[in-house]
Amino acid sequence: MRLDYTKAAPNGVKAFGGVYGYIMQSGLEDVLVDLVYLRVSQINNCAYCLDMHTRDLIKKGVSPQKLALVPAWHEAGALFSDREKAALRWAESVTRVADTHVPDADFDVAAAAFNEKELADLTMAIGLMNAFNRLAISFRRGPESAQAAQG
């Protein structure tokens, strides 16, 4: 690890934790939020977050087949609900904002699946995970599974 940002800036991490707590109490479904966190982390190639959210989803009963197909959700048929598909599409568009500019078509799909508060909360969750990914990647925070394997 290059730097332990949790020790270097504990109040900043605590502030992010406050947003995380808000999201978890927002009324959005836990599994949906974790699927979005996983997809954002896949796009950003964040090993620490991929490990954590995969383990969280397994604990919540998500099947290995569904986890394996998160990157190809649009081809997975009924394995993902319409609401999950809309959330994953929105997560991809917002995470890749520099390339996508978040087109109206993506907004329209998301707005049809989520009310205004839910969509604002979902977008905050996406932004939060992008921030967490950037911290973990920048400072080389390794996945807990790898740390456990090293003993």
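Please read these numbers as outputs of a predicted model, since none were measured by experiment.

Definitions and limits used
Starting from 1, residues in each chain are numbered consecutively following that chain's sequence as written. Residue-level local features of this predicted model are given only where pLDDT is at least 70; pairs of side-chain atoms are given and counted only at 80 or more, and the full residue set underlies all totals for whole chains, interfaces and linings. Only hydrogens and water are removed before side-chain values are computed, so all heavy atoms of the structure are retained for them. Each helix is a run of DSSP H or I of at least 4 residues and each strand a run of E of at least 2, with the numbering of both proceeding from the N terminus. The globule rule is 2.2 Å times the number of residues to the power 0.38, and the radius of gyration it is compared with is taken over C-alpha atoms. Accessible area is worked out with a 1.4 Å probe on protein chains only. A residue is then buried under 20% of its type maximum, exposed over 50%, and partly exposed in between. Here the open area of atoms and residues is found with the Shrake-Rupley method and a 1.4 Å probe, where only the protein chains shown may cover a residue. When charges are counted, Lys and Arg are positive and Asp and Glu negative, with His and the chain ends excluded. Note that the charge is assigned to NZ on lysines, CZ on arginines, CG on aspartates and CD on glutamates. UniProt positions are given in the numbering used here, feature names are shortened, and annotations may be inferred rather than shown by experiment. Every residue pair with non-hydrogen atoms within 4.5 Å of one another is taken to be in contact. Pairs of N or O atoms within 3.5 Å make up the polar contacts considered here, provided that, within protein, one atom can donate a hydrogen while the other can accept it, and that residues adjacent in sequence are counted only when both atoms are side-chain atoms. All axes are obtained by fitting lines to C-alpha atoms, using only the stretch in contact for helices, and the reported angles, taken between N-to-C directions, cover 0 to 180 degrees. By definition, any crossing whose near helix is turned counterclockwise from its far helix by less than a right angle is left-handed, and any crossing with a clockwise turn is right-handed. Three classes are used, and their members are as follows: Ala, Val, Leu, Ile, Met, Phe, Trp, Tyr, Cys and Pro are nonpolar, Asp, Glu, Lys and Arg are charged, and the others, Gly among them, are polar. Here the term cavity refers to a set of points on a 1 Å grid, laid over the protein atoms alone, in which a 1.4 Å probe fits but cannot get out; the term pocket refers to an open set having protein on both sides within 12 Å along at least five of seven lines, with lining residues being those that place an atom within 4 Å of a point. Grid points are joined across faces, edges and corners, and a volume is the space filled by probe spheres set on the points. Roughly parallel means an angle under 35 degrees; roughly antiparallel means over 145; roughly perpendicular covers 65 to 115; every other angle is labelled oblique.

All right, on to the overall build of the protein chain then. Looking only at helices and strands, one finds 10 helices and zero strands in the protein chain. Put simply, the protein chain runs from its N terminus to its C terminus through helices and strands in the order α-α-α-α-α-α-α-α-α-α. A compact globule built from 151 residues would reach a C-alpha radius of gyration of about 15 Å, and the protein chain, at 15 Å, matches this within 12%. Across the 151 residues in the protein chain, those meeting the buried criterion constitute 38%. Accessible area of the protein chain: about 8,100 Å², with a carbon and sulfur share of 57%. Distance between charge centroids for the protein chain: 8 Å, based on 16 positive and 18 negative side chains.

Here, the residues flagged by UniProt with the feature "domain: Carboxymuconolactone decarboxylase-like" (unreviewed entry) are residues 14-92. Structurally, residues 14-92 is divided into 70% helix and 0% strand, and its ends, taken at the C-alpha atoms, are 26 Å apart.

Of note, phenylalanine 16 is situated in helix α2 (residues 10-24). Each C-alpha atom, one on phenylalanine 16 and one on methionine 129, is 9.7 Å from the other, the two residues being 113 residues apart in sequence. Among all residues touching phenylalanine 16, those that are not within four sequence positions of it are Leu128, Ala131, Phe132 and Leu135.

We now examine the side chain of asparagine 44. Locating asparagine 44 in the fold gives a position in helix α3 (residues 30-44). Exposure remark for asparagine 44: the relative accessible area of 18% places this residue in the buried category. Of note is the side chain of asparagine 44, whose polar atom sits 2.9 Å from the side chain of asparagine 130. Apart from residues lying up to four places away in sequence, asparagine 44 is in contact with Thr95, Asn130, Asn133, Arg134 and Ile137.

The next subject is the packing of helix α6 (residues 82-95) against helix α8 (residues 104-113). The contact between α6 and α8 brings their axes to 9 Å, and the two run at 145°. In this structure, the crossing between α6 and α8 has a hand that is left-handed. Across the interface between the two elements, Arg83, Ala86, Arg89, Trp90 and Ser93 of α6 pack against Ala105, Asp106, Phe107, Val109, Ala110 and Ala113 of α8. Residue classes in the contact of α6 with α8 are distributed as seven nonpolar, one polar and three charged.

One number sums up the size of the largest pocket: a volume of about 200 Å³. In terms of lining, the largest pocket is formed by Tyr5, Thr6, Val13, Tyr20, Tyr48, Cys49, Met52, His53, Met129, Phe132, Ala136 and Arg141. Mapped by element, the contributors of at least two residues to the lining of the largest pocket are α1 (5-8), α2, α4 (47-59) and α9 (116-138). Looking at the lining of the largest pocket residue by residue, the class counts come to nine nonpolar, two polar and one charged.

We now examine the packing of α6 against α9. As a packed pair, α6 and α9 sit with axes 10 Å apart at the nearest point and diverge in direction by 50°. Considering the angle they form, α6 stands oblique to α9. Judged by the twist between their axes, the crossing of α6 over α9 is right-handed. For the pair α6 and α9, contact is made by Arg83, Ala87, Trp90, Ala91, Val94 and Thr95 and by Glu118, Leu119, Leu122, Thr123, Ile126 and Asn130, respectively. The residue makeup of the contact of α6 with α9, split by class, is seven nonpolar, three polar and two charged.

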